[in-house]
Amino acid sequence: MKEDKKAPGTQGQREAFNRESKTIRITQGEKAYLEQQVVRAQKQISQASQRDDTQAVHSLQQRLMESEAARLLAVRRVTEENQGKDTAGVDGVKSLTSSERLAMTSAIHPKYWNHQPPRPVRRVWVPKPGTAERRPLAILTMMDRCKQALVKLALEPEWEVRFEAHSYGYRPGRSAHDAIAAILVAIERQPCFVFDADIEGAFDNLTQTVVLDKLQTFPVLRHAINAWLRAGVVDGNTYFSSEKGIAQGGVLSPLLMNVALHGMESVVGGEEILRFAQNDKRGQNDKRGQPVLVRYADDFVILHTDLNELQRAIKRVRQWLAMMGLHLHAQKTRITHTLTPYQGRVGFDFLGFVRHGSCTRGGCG
């Protein structure tokens, strides 16, 4: 692929900015001050989201992305703190000098976005731990990474107050250990049937309009996210269009996936039976308790004491996922039981946590 000499984010643009820039070095104290300013603005976004004040949310998000504090923090996180800071996208840009970081802070101001079409991502293949398989990883250009980090600062506080209780993957202050603890709480009082599931190629196959429609964000941000989703992929010397999926490896990608899968807990729990399982006559009249979902990104388990109720929940979630272009991985999806053998299996393995034998903590349905 030839370098576009006039495209924003190229060497020519960076040099133009650098001629007008001064060297910048942010101390730990200054970083703390920037974070305080950003956190204050994020709290306002969260509060407006809790009030369902969409207009205020969008206004506050725009103000945050335009602020110098947020732009400085986004650039610092990408160029100094991120593990992939020395990996180049199709722009060939790796580490930035101090003056280049300041130039980038100016360049990612939203007022320039109409003149900064995103570049395709560079695809690299990395091995999956413990298997002979490889998975694709997308490397964005340095400018797109910084812009996505800025957008994440604005979007995350809006959605953190909306996300469901048992969603754990790629969320601030949550971890795989929290997901495992939730499962232990769900199986304490009595044995449970377990649906251990994995969404096949979630990042590769997700229908992009699902994300955009769920975000319900303001036009400038919707246009930017849509442009990133459709920017395309360069694998070796070959360009591929990206008409579906989310680039796995992008700064914003995990948050977008969580937005897309938001609502699964309601579907599994039966709150949307009339929409997704109209033939289920028992529906919400069932009194034996709702199935419990614990999700970590695109891996999840559903637990219930009654096999029939579990199977109804599985049917609902399959239908719901299919509406987004997603399907469950046949080889990595199974029903087991926490105590007694079912179809030759007992116990389950979720996020490296292997559960066999009697239940010791928590309760399900």
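In this numbering scheme, every chain counts its residues from 1 along its sequence in written order. Selection of residues for local features in this predicted model requires a pLDDT of at least 70, selection of side-chain atom pairs for listing and counting requires 80 or more, and totals for whole chains, interfaces and linings are taken over all residues. The basis for the side-chain values is all heavy atoms of the structure; hydrogens and waters are excluded.

Thoughts on the side chain of Thr 217
As a reminder of what qualifies: Secondary structure elements follow DSSP: runs of H or I no shorter than four residues count as helices, runs of E no shorter than two count as strands, and numbering proceeds from the N terminus. Classification of residues uses two cut-offs on accessible area relative to the type maximum, computed with a 1.4 Å probe and protein chains only: under 20% is buried, over 50% is exposed, and between them is partly exposed. For this analysis, residues touch if any pair of their heavy atoms sits within 4.5 Å.
Tracing the sequence through the fold places Thr 217 in the loop between helix H9 (208-215) and helix H10 (219-229). Classification of Thr 217 by relative accessible area gives buried; the value is 13%. Apart from residues lying up to four places away in sequence, Thr 217 is in contact with His 58, Gln 61 and Arg 222.

Things to note about the pairing of strand E1 (residues 121-127)
We count it as follows: For two strands to be treated as a pair, DSSP must find at least two bridges joining them.
In the sheet, E1 pairs with strand E4 (residues 233-235) via 2 bridges, with the strands oriented parallel. Across the sheet, residue Val 121 finds its bridge partner in E4, namely Val 233. The pairing of E1 with strand E2 (residues 134-139) spans 6 bridges and is antiparallel. Within E2, the residue paired with Arg 123 across the bridge is Ala 138. Taken together, E1 and the strand that follows it, E2, pair antiparallel across an intervening segment of 6 residues, in which Gly 130 is found at a positive phi of about 80°.

What about the packing of helix H4 (residues 68-81) against helix H5 (residues 98-107)?
Keep this limit in mind: To obtain an axis, a line is fitted to C-alpha atoms, over the contacting stretch when the element is a helix, and the angle between two such axes runs from 0 to 180 degrees between their N-to-C directions. For classification purposes, an angle smaller than 35 degrees is called roughly parallel, one larger than 145 roughly antiparallel, one from 65 to 115 roughly perpendicular, and anything else oblique. For any pair of crossing helices, the crossing counts as left-handed if the nearer helix is rotated counterclockwise from the farther one by less than a right angle, and right-handed if it is rotated clockwise. Three residue categories are used. Nonpolar comprises Ala, Val, Leu, Ile, Met, Phe, Trp, Tyr, Cys and Pro, charged comprises Asp, Glu, Lys and Arg, and polar comprises the others, including Gly.
Direction vectors running N to C along H4 and H5 enclose 130°, while the axes themselves pass 9 Å from each other. Considering the angle they form, H4 stands oblique to H5. Note that H4 runs across H5; the crossing there is right-handed. Contact residues: Arg 71, Leu 72, Val 75, Thr 79 and Glu 80 in H4; Arg 101, Met 104, Thr 105 and Ser 106 in H5. The class makeup of the residues in the contact of H4 with H5 is 3 nonpolar, 3 polar and 3 charged.

Brief notes about the sheet that holds E1
Strand order in the open sheet made by the 4 strands is E2-E1-E4-E5, with mixed pairing throughout. The strands lining the two open edges of the sheet, one partner per strand, are E2 and strand E5 (238-240). Here the average twist between neighbouring strands, direction ignored, is 40°. In this structure, E4 lies alongside E5, joined through 3 bridges in antiparallel fashion. Of the residues in E5, the one forming a bridge with Val 234 is Tyr 239.

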